Amino acid sequence: MRVLLSGYYGKGNGGDEALLATLLQMLPPSVTPVVLSGNPEETRDRYNVEAHDRMAPFTVLQALRSCDGFIWGGGSLIQDTTSAASPFYYGGIMALAQRMGLKTVAWGQGIGPLKRSVTRWLARQTFGGCTKVSVRDRASAALLTNWQIPFILAPDPVWALESKPVPGLWDLPAPRVAVTLRTHPQLTQTRLAHLTRALVDFQKATQTFILLLPFQKSEDLGIAQAIQPQLKDVSQIMCLEEPQLLKGVFRGVEMAIGMRLHSLIMAASEGCRCFALSYDPKVNRLMEDVDMPGWDLANLPDDPNLIGKTWIEHYANGDPLSTEKIQFLLDRALIHREVLSEALNIK
């Protein structure tokens, strides 16, 4: 069986690459994956899969014709906050796959926000036509319940991603703290200056080594490069492309401070203390689900001393998720694997 996988793949985003790696990890062995990617050569080389240009209409149509199934591969694909085009792109391919009679799966989805009536209509139609639907949060589940569309609710699939040890990580000074910041309108120059000042104070008080982790170079590297000179000799920018290595970083980290959803999931799953800086409802949902401390960026304290002291307190006295809780979330995340087997009729 050949199955076409569609997501925000090959665009240099560590979270979306982690979803693809997890999906490939969970697919039944008898399934041949075919991936739509923004960088088909890179995707082909990294995962040893057949890959095609996601923006070439004729190529996408040919790929659909060659496949028996189609999967929306995880994450916030169906939302119209970052782009109104996004739900039309993904929804259009899903609708085409359904019209062609393929088995269709909406897998590990975080639905919304959907601010426009036309995108809500498109989402309802395409989710309603799926063979199986799995979602990763209660807000998405509530939306599908309202639409009377059957679904499975389980934690984000990346909880179950297998990690790999990172060469050279253990040669760096310890203890280590990882920081993942990204560009966003809510991360103003003033707020970034406050966070940088707080990070400097935090490092001095804790004597930790700061790992600056860009999850998407185009969005994150510039911020890391702006912060790093303020932490000379006590920090390092670490750019990793392979999702399993990105998750593996957190094996050697005591605490993570992050905006990126999947940086926080990876860190929490590896037993790190976590502190969230939320720019998006999906991060708030994670904070609620696992009782993770943090701030909405819009409500970030304007006092760097308070920010730094809060981090120091969490570093000294905060708790990571218990081993039992991590195992529970991992086991629950594996439900997404069962959804694939059931949808594709593979035992």
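Next up on the list: the overall build of the protein. Along its length, the protein carries 14 helices and 13 strands. The C-alpha atoms of the protein give 20 Å as radius of gyration, which agrees with the globular expectation for 347 residues (20 Å, within 12%). Overall, the protein is about 60 × 40 × 40 Å in size when its C-alpha atoms are taken along their principal axes. The buried share of the protein, reckoned over its 347 residues, is 56%. Within the protein, residue pairs in contact and separated by at least 24 positions form 71% of the contacts whose partners lie at least 6 positions apart.

This brings us to unusual backbone geometry. Across the junction of glycine 112 and proline 113, the peptide omega takes the value 0°, indicating a cis bond. As for its placement among the helices and strands, proline 113 is situated in the loop between strand 5 (103-109) and helix 5 (117-128). The omega angle of the peptide bond from alanine 174 to proline 175 is -5°, so this bond is cis rather than trans. For proline 175, the position within the fold is in the loop between strand 7 (152-153) and strand 8 (176-180). The backbone of asparagine 48 shows a phi angle near 55°, a positive value even though the residue is not glycine. Judged by its relative accessible area of 72%, asparagine 48 is exposed. A positive phi angle is found at glutamine 207, which is not glycine, with a value near 55°. For glutamine 207, the location among the structural elements is in the loop between helix 7 (189-206) and strand 9 (209-212).

Thresholds, definitions, all that
- Residues numbered from 1 in each chain as written.
- Predicted model: local features only at pLDDT ≥ 70, side-chain atom pairs only at ≥ 80, totals over all residues.
- Heavy atoms only, no water.
- Helix = DSSP H or I, 4+ residues; strand = E, 2+ residues; numbered from the N terminus.
- Rg over C-alpha atoms; globule rule 2.2 N^0.38 Å.
- Buried < 20%, exposed > 50% of the residue type's maximum accessible area, 1.4 Å probe, protein only.
- Contact = heavy atoms within 4.5 Å.

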